[in-house]
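As a plain string of letters, each chain reads:
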Amino acid sequence: MLQLVQNRKSGAVELIEVPAPACGPRSVLVQTLASAVSAGTERHMMKLGRQSMLRTAWERPDRVSRAVTKYQREGLAATVRAVREKTGQTLALGYSSCGRVVETGAEVDDIRPGDLVACAGQDYASHAEIVAVPRTLVARVPGGVAPEHAAFAALGAIAIQGVRLARVEIGETAAVIGLGLLGQLTVQLLLAAGCRVAAIDLDRARVDLARQAGATIALTNAELPALNPASIAGTPHGADAVLITADSSSSAPVELAAQLAREKGRVVAVGLVKTDLPRHEFFLKELEFVVSRSTGPGRYDPSFEADGRDYPYPYVRWTQTRNLEAFLDLLARGRITLAHLISHRYPFAEAPAAYDLLLSDAPRMGIVFEYPQSAPAAARQAPVAPHPPARSEALSIGVLGAGSFARGILLPALAEHPELRRAALACASGIHAREAAQKFGFATAATSPSELLAQPDLDAVFVATPHSTHAALVSAALEAGKHVFVEKPLCVTAEQLGSITEIYARAGRLLMAGFNRRFSPFALQARELLAARSAPLTFDYRVNAGPLPPGHWLSRPEEGGRIIGEVCHFVDLVSFLSGSLPARVLATGEPDGDVHLHLTLDDGSSGVIRYLTSNRARLSKERLEISAGDLVIEVDDFLSATVHQHGRRRTWKWPRQDKGHRAEIAAFLKAVREGGPAPIDFESLARVTRATFAAGRSLRTGEPVSCV
């Protein structure tokens, strides 16, 4: 299928062939009939995509701050790699569309195939022939509403949310600054709510459109100086509410809003404007100011948007979904009209031309893409530009997942093995699958794991998807006769571990989890030195993990949390260095804060893993001290280690931080190729995994828990 994207490196807008998205359990798959271009938002995104990295850093100091924190914790190489990966990604365009449902998820029971629906959401309701959209970002279109009008529902919901935040009442006066498409919709909504409306814009044609819609007063900015705020608002006091729907890099709209508003009035910023408030004017009138967050409650909440979990109706009356429904209802009842606001229509095959218009100064209002009425083939895989073929006897591999870890670590490590035949790469996003497959030399991009696993000549599968999916994918790959490398953790529940154990026992294939630290130069040298010790070791392992960003996927309950998902790394390293398996664990601390794991191993070795989640940016990420009799080894972030023994001191240093990722992948590939044992025996994988489950139980009960 075709999808419209922006190439972040060149800034060019292009239509590309990508595999159709998979339909999740709480999502619907929709054949697009029409999609609307949000002139303000998409023009802003286009400019961001075409500007230099330095300019982006200047305009987004928050991102610079995150990069600095990453540098302090993980070093220069990891930071540069992450920045390059982030800025090089292809960007999906569009977030408001309408189409017909072709498939529904298993947990969707109120939408049916064949229903006409409006869709919303960045990365969901994209400009694409087929889209997968969470149920909470979909609304059924009432009879009589044309698809090209319903395609504007997300923009309508943005306007509705701005009006709701303005808290206008019947008979009040509201001013609207900026009369683009969003402003025109806002004018109509305010009129439908029983308000007097003053409409203001730089452009005469837009002012005339607002007057035709019924605005009481409609003026250009040039006409404002001759009038006072009271006459502009049409009352002796000023406007009760001012809604800023302009797209401006200056604070002039905010300054004008302060002049128009009455004392104790309300100002709502809906459009993309600079928000340097004129404090004196806001202070004298004691004005309220609020920035509207897009389409309504649920926006930027992953549990609502990505997972499709609705808010309870009695407690959150107006969510994104219900704002979409409200706008569509107003369209159906004729309270909102759009026909006169659509200035340009493009066949989807000519969509890139619309962005030339968007970046020009040519007059425009609503822009619609029209799609073929016949549904394209919903193929879940697509061929990628050919790369030099590997030898026929080479191992054939597939990769599931193209997230930050896969693109930043796993795929570059696999690229160091040119003898591999890279058969297929799959992830939920068709764009990301195609982009990663093309960059790292895979023959096919896919959005369905089953499509990848069904390839009969695939020898091994690498799993780098969210933690909650590991168990099912590992099991499916083993049962399909594939060798499996899964990035940690192996699974997130004891039940899943039991199921994997049974399948592994009968599959006759290698299984390895991504416990990479045991393959680092430090671990290999330390293991050799510690092998001759005469006493159990004691250890003190401090991990400066830092806080998760708000809404991070790992914070979702189904992902297992940070002990299962991350602390498993450090338990495995200690187990490897001691040559013994975890026996018992006592965990103290807070589930969402700092946690201390007091770990005892089968051979009597013991110590503590201090996993710190508060922000300690100045500390290195990992520091480990190991003692065994008179032997003491101190390692600092896998860059250097100091060995104290027999009263002497020596230092190991490595030219770059090496946590063993490349070595573990090389070891796994060698084992698959030569038919040897797995680089990590299954009992070690299982016992370390059980240790993290035991740590979670201990944290809840305050008692030591067995790992056996």
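For the structure given in this document, a descriptive report is provided here. Remember, predicted model here, so these are calculated numbers, not experimental data.

One pass over the structure, following the stated rule, counts 14 aromatic pairs. Pairing Phe570 with Tyr611 gives two aromatic rings, centres 6.3 Å apart and planes at 40 degrees, and the pair type is tilted. A residue pair is termed long-range when its members are at least 10 positions apart, and Phe570 in helix 21 (residues 561-578) and Tyr611 in strand 27 (residues 606-612) qualify at 41 residues. Each member of the pair Phe570 and Tyr611 is classed as buried. Taken together, the ring pairs connect Tyr346, Phe348, Tyr355, Phe369 and Tyr371 into an aromatic cluster. Between the NZ or CZ atom of Arg317 and the centre of the ring of Trp318, over which it lies, the distance is 3.9 Å. A cation over a ring is seen here: Arg527 above Phe576, with NZ or CZ 4.6 Å from the ring centre.

Now for helix 14 (residues 352-359). Listing the buried residues of helix 14 in full gives Ala354, Tyr355, Leu357 and Leu358. Seen end-on, helix 14 carries its buried residues on one side only, within an arc spanning 155 degrees.

Our focus in this paragraph is the pairing of strand 10 (residues 196-201). Burial within strand 10 is extensive, with five of its six residues counted as buried. Alignment of strand 9 (residues 173-177) against strand 10, held across five bridges, turns out to be parallel. Along strand 10, the bridge assignment pairs Ala175 with Ala198. This β-α-β element, strand 9 to helix 7 (residues 181-192) to strand 10, shows right-handed connectivity. For strand 10 and strand 11 (residues 217-220), the ladder comprises four bridges, and the chain directions are parallel. Its bridge partner being in strand 11, Ala198 is matched across the sheet by Ile217. In this view, the connection linking strand 10 to its parallel neighbour strand 11 by way of helix 8 (residues 204-213) has right-handed handedness.

Position of Thr32 relative to the elements: it lies in strand 3 (residues 27-37). Thr32 gets classed as buried once you look at its relative accessible area, which sits at 1%. A distance of 2.7 Å separates a polar atom in the side chain of Thr32 from the backbone oxygen of Ala128. Those residues within four positions of Thr32 in sequence are excluded, and the remaining contacts are Ser97, Cys98, Gly99, Ala128, Glu129, Ile130, Val131, Tyr371 and Pro372.

Taking strand neighbours across the sheet as the criterion, the three strands line up as 2-1-4 in an open arrangement whose pairing is antiparallel. Since the sheet does not close on itself, it has two edges, and those belong to strand 2 (13-17) and strand 4 (91-92), each with one partner. With five bridges connecting them, strand 1 (residues 2-6) and strand 2 associate as antiparallel partners. For Val5, the partnering residue across the bridge sits in strand 2 and is Glu14. Strands in contact with helix 14 are strand 1 and strand 2; relative to strand 2, the strand with the most contacts, it is inclined by about 160 degrees.

This paragraph deals with the environment of Leu15. Tracing the chain through its elements places Leu15 in strand 2. Setting aside chain neighbours within four positions, we find Leu15 in contact with Gln3, Leu4, Phe348, Ala349 and Pro352.

The N-to-C vectors of helix 6 (residues 153-166) and helix 7 enclose an angle of 55 degrees; their axes lie 9 Å apart at closest approach. In this view, helix 6 runs oblique relative to helix 7, as classed from their interaxial angle. Our pair here, helix 6 against helix 7, has a crossing hand that is right-handed. Across from Leu155, Gly156, Ile158, Ala159, Ile160 and Val163 in helix 6, the residues of helix 7 making contact are Leu181, Leu182, Leu185, Thr186, Leu189 and Leu190.

In any sheet, the strands associate via hydrogen bonds between backbone groups, in a parallel or an antiparallel arrangement. Pairing in this open sheet of seven strands is mixed, and the strands run 17-20-19-18-21-22-23 from one edge to the other. The sheet is open, and its two borders are formed by strand 17 (381-383) and strand 23 (511-513), each paired with just one other strand. On average, each strand axis in the sheet is inclined to that of its neighbour by 15 degrees, with strand direction left out of account. Note that strand 21 (residues 460-463) and strand 22 (residues 483-486) share four bridges and pair parallel. Residue pairing in the sheet places Val461 in a bridge with Val484 of strand 22.

Across the interface, helix 7 lies against helix 8 with an axial gap of 10 Å and an inter-helix angle of 20 degrees. On the basis of the axis angle, helix 7 is roughly parallel to helix 8. As for the relative orientation of helix 7 and helix 8, their crossing is right-handed in sense. Across the interface between the two elements, Gln184, Val187, Gln188 and Leu191 of helix 7 pack against Arg206, Leu209, Ala210 and Ala213 of helix 8.

This part is about the nonpolar core. Generally speaking, a soluble globular protein has its nonpolar side chains buried in company with each other. Counting 109 residues, the largest nonpolar core has Leu414, Phe462, Leu511, Phe522 and Leu577 as the members making the most contacts within it. The biggest single contributor to this core is helix 21, with ten residues. Apart from residues lying up to four places away in sequence, Leu577 is in contact with Phe522, Ala523, Ala526, Arg527, Leu530, Arg533, Leu537, Leu624 and Ile626. Listed in part, the 57 residues of the second largest apolar core include Ala154, Val187, Leu243 and Leu338.

Calculation criteria
Residues numbered from 1 in each chain as written. Predicted model: local features only at pLDDT ≥ 70, side-chain atom pairs only at ≥ 80, totals over all residues. Heavy atoms only, no water. Phe/Tyr/Trp six-rings, centres within 6.5 Å; stacked < 30°, edge-to-face > 60°. Helix = DSSP H or I, 4+ residues; strand = E, 2+ residues; numbered from the N terminus. Buried < 20%, exposed > 50% of the residue type's maximum accessible area, 1.4 Å probe, protein only. Lys NZ or Arg CZ within 6 Å of the ring centre and 35° of its normal. Arc of directions from axis to C-beta. Pairing = 2+ DSSP bridges. Right-handed = clockwise from strand over helix to strand, strands pointing away. Polar contact = N/O pair within 3.5 Å; in protein donor to acceptor, adjacent residues only side chain to side chain. Contact = heavy atoms within 4.5 Å. Axes fitted to C-alpha atoms, helices over the stretch in contact; angles between N-to-C directions. Parallel < 35°, antiparallel > 145°, perpendicular 65-115°, else oblique. Left-handed = near helix turned anticlockwise from the far one by under 90°. Core = buried A, V, L, I, M, F, W, Y, C linked by side-chain atoms within 4.5 Å.

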